[in-house]
Amino acid sequence: MIPDYKQIYTDILEEKFPEKLTEAAIRHKLEALNSAFDILKFNQLVFGEPEYRVGFNNQRLRSYDEESILKILKYQKQCGLNNLQLGKQFKISRNTIAKWKTVFKV
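Reading the values: rules and limits
Residues numbered from 1 in each chain as written. Predicted model: local features only at pLDDT ≥ 70, side-chain atom pairs only at ≥ 80, totals over all residues. Heavy atoms only, no water. Axes fitted to C-alpha atoms, helices over the stretch in contact; angles between N-to-C directions. Helix = DSSP H or I, 4+ residues; strand = E, 2+ residues; numbered from the N terminus. Parallel < 35°, antiparallel > 145°, perpendicular 65-115°, else oblique. Contact = heavy atoms within 4.5 Å. Nonpolar A, V, L, I, M, F, W, Y, C, P; charged D, E, K, R; others polar. pLDDT = per-residue confidence, 0-100. Core = buried A, V, L, I, M, F, W, Y, C linked by side-chain atoms within 4.5 Å. Buried < 20%, exposed > 50% of the residue type's maximum accessible area, 1.4 Å probe, protein only. Phe/Tyr/Trp six-rings, centres within 6.5 Å; stacked < 30°, edge-to-face > 60°. Lys NZ or Arg CZ within 6 Å of the ring centre and 35° of its normal.

> Account for the packing of helix H1 (residues 5-16) against helix H2 (residues 24-31), with residues named and values stated.
Viewed as axis vectors pointing N to C, H1 and H2 meet at an angle of 150°, and their least axial separation amounts to 9 Å. In terms of their interaxial angle, H1 and H2 are classed as roughly antiparallel. Here Lys6, Tyr9, Thr10 and Leu13 of H1 lie close against H2, whose contacting residues are Ile26, Leu30 and Glu31. Split by residue class, the contact of H1 with H2 holds four nonpolar, one polar and two charged.

In structure tokens, the structure reads:
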């Protein structure tokens with residue numbers, strides 16, 4: 001069962017950031033929340049970059065579906081990033097990225 005990300009983020013925005021619900025970009029992205037990759041981008045759009053400690057603790061609880069992993073690895077290839085650069089951008093361990101590459105044969 002997939003969580004209803006649209007409803008979850010709508011509730012968060014209504015409670016904490018009601019002014020952001022009027023922005024067209026946020027409303028458009030809210031309609032297209034389908035994968036972990038979309039959630040990562042939406043979090044950056046709404047909440048900005050977290051401070052290091054908060055980001056580290058949140059990262060430990062993330063999980064990624066196969067579609068999102070493949071999008072991230074495709075993004076790496078398109079932008080010509082190494083594992084370290086990609087890891088810094090998405091707040092993922094470079095070892096995790098290397099593991100994904102071996103598992104998905106990318």
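> Explain the confidence of the model for the protein chain to me, and be specific about the residues and the numbers.
With 86% of its residues at a pLDDT of at least 70, the protein chain reaches an overall mean of 82. Within the protein chain, helix H7 (residues 94-103) carries the highest mean pLDDT (93), whereas helix H4 (residues 52-59) carries the lowest (50). In this model, residues 52-56 is a region of pLDDT below 50 whose contacts with residues beyond four sequence positions or in other chains number one contact.

> Please provide a residue-by-residue account of unusual backbone geometry, values included.
Positive phi values are uncommon outside glycine, yet lysine 91 reaches one of about 60°. Residue position: lysine 91 is located in the loop between helix H6 (83-90) and H7.

> Which residues make up the nonpolar core, and what values do they have?
By size, the foremost hydrophobic cluster in this structure holds twelve residues: Ala36, Phe37, Leu40, Tyr64, Ile69, Ile72, Leu73, Leu86, Phe90, Ile92, Ile97 and Trp100. When contributions to this core are tallied by element, the ones reaching two or more residues are helix H3 (36-47), helix H5 (66-79), H6 and H7. The residues touching tryptophan 100, leaving out its near neighbours within four places in the chain, are Tyr64, Ile69, Ile72, Leu73, Ile92 and Lys105. Ranked by size, the runner-up nonpolar core spans eight residues in total, among them Tyr9, Leu30, Ile39 and Phe42.

> Please provide a residue-by-residue account of the environment of lysine 105, values included.
By secondary structure assignment, the location of lysine 105 is in the segment after H7. Exposure remark for lysine 105: the relative accessible area of 71% places this residue in the exposed category.

> Which residues make up the packing of aromatic side chains, and what values go with them?
Think of a pair of aromatic rings as described by two things: how far the centres are apart, and how the planes are tilted against each other in angle. This structure, assessed with the given rule, holds three aromatic pairs. Between the aromatic rings of tyrosine 64 and tryptophan 100, the centroid separation amounts to 5.2 Å while the plane-to-plane angle is 70°, which identifies the pairing as edge-to-face. With a gap of 36 residues between them, tyrosine 64 in the loop between H4 and H5 and tryptophan 100 in helix H7 connect regions that are remote in the sequence. Like tryptophan 100, tyrosine 64 is buried. Taking 5.5 Å as the distance between ring centres and 85° as the angle between the ring planes, the aromatic pair formed by tyrosine 75 and phenylalanine 90 counts as edge-to-face. Of this pair, tyrosine 75 sits in helix H5 while phenylalanine 90 sits in helix H6, and the two are 15 residues apart along the sequence. The ring of phenylalanine 17 has lysine 20 lying over it, and the distance from NZ or CZ to the ring centre is 5.0 Å. Positioned over the ring face of tyrosine 75 is lysine 41, at 5.5 Å from the centre of the ring.

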